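Remarks on the overall topology
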Amino acid sequence: MERQLMQFTSKGVVFTDPKSAAGKRTVVVPDLIVEDLRVHVKDFTQDGDKGLISAGPDDGPLRSTSFSRRVWAQALRYAAF
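Residues numbered from 1 in each chain as written. Predicted model: local features only at pLDDT ≥ 70, side-chain atom pairs only at ≥ 80, totals over all residues. Heavy atoms only, no water.

Overview of the overall build of the protein
Which entries qualify depends on this criterion: Secondary structure follows DSSP: runs of H or I at least 4 residues long count as helices, runs of E at least 2 residues long count as strands, and numbering of each begins at the N terminus. For the radius of gyration, the atoms used are the C-alpha atoms, and the globule rule reads 2.2 Å times the number of residues raised to 0.38. The buried label applies to any residue whose accessible area, calculated with a 1.4 Å probe on protein chains only, is under 20% of its type's maximum; exposed applies above 50%, and partly exposed to all values in between.
The helix and strand tally for the protein stands at two helices and two strands. The N-to-C order of helical and strand elements in the protein reads β-β-α-α. Relative to the compact-globule value of 12 Å for 81 residues, the protein shows a C-alpha radius of gyration of 15 Å, a clear excess of over 25%. With the C-alpha coordinates of the protein rotated into their principal frame, the extents come out at 40 × 30 × 25 Å. For the protein, buried positions account for 11% of its 81 residues.

A short note on the pairing of strand β1 (residues 4-8)
To keep it simple, the criterion reads: Note on pairing: two strands pair once DSSP finds at least 2 bridges between them.
Here five bridges tie β1 to strand β2 (residues 12-16), and the two strands are oriented antiparallel to one another. Looking at the pairing, Leu5 lines up with Phe15 of β2.

What about the pattern of salt bridges?
Worth spelling out the cut-off: Any Lys or Arg side-chain nitrogen found within 4 Å of a carboxyl oxygen on Asp or Glu counts as a salt bridge.
Applying the stated rule across the entire model yields two salt bridges. The residue Arg38 makes a salt bridge to Glu35 at a minimum N-O spacing of 3.6 Å. Remark: Glu35 and Arg38 occur in helix α1 (residues 31-44); sequence separation between them is three residues, near one turn of the helix. On the basis of relative accessible area, Arg38 is assigned to the exposed category, the value being 54%. Among the ionic pairs, Lys42 bridges to Asp43, the shortest N-O distance being 2.8 Å.

A short note on the confidence of the model for the protein
Spelled out, the test is: pLDDT expresses, on a scale from 0 to 100, how confident the predictor is about each individual residue.
Averaged over the protein, the pLDDT score is 83; the fraction of residues at 70 or greater is 98%. Put simply, β1 is where the protein has its lowest mean pLDDT, 82, and α1 is where it has its highest, 92.

Observations regarding unusual backbone geometry
The phi torsion at Asp59 lies on the positive side, around 70°, for a residue other than glycine. On the secondary structure map, Asp59 appears in the loop between α1 and α2 (64-79).

See below:
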C-alpha cells in the first residue's frame, strides 16, 4: 500500500502515508480472482495513477460507513442461505 485514506474531523478525508513500514507491503492476489480484478479495474476504477480503485457515490473516496450500509449489508443479504 502506497497511501491510505484517513478521516479527520477538521480536514475531512485525506490521503496520508501508511502509519508504519509494516503498512507498505506487497499483497499476494490468488489466481482465482485475478480475472475478476482485471474486469473491475477496467470497468470501475478512476483514470490515472492517483485514481481510486473503489470510489464513493460522489466519485470521491468510499467511506467505510457508506460502504457498510450501501454495499456490504446488501451483499450479506444476497449471500444468506
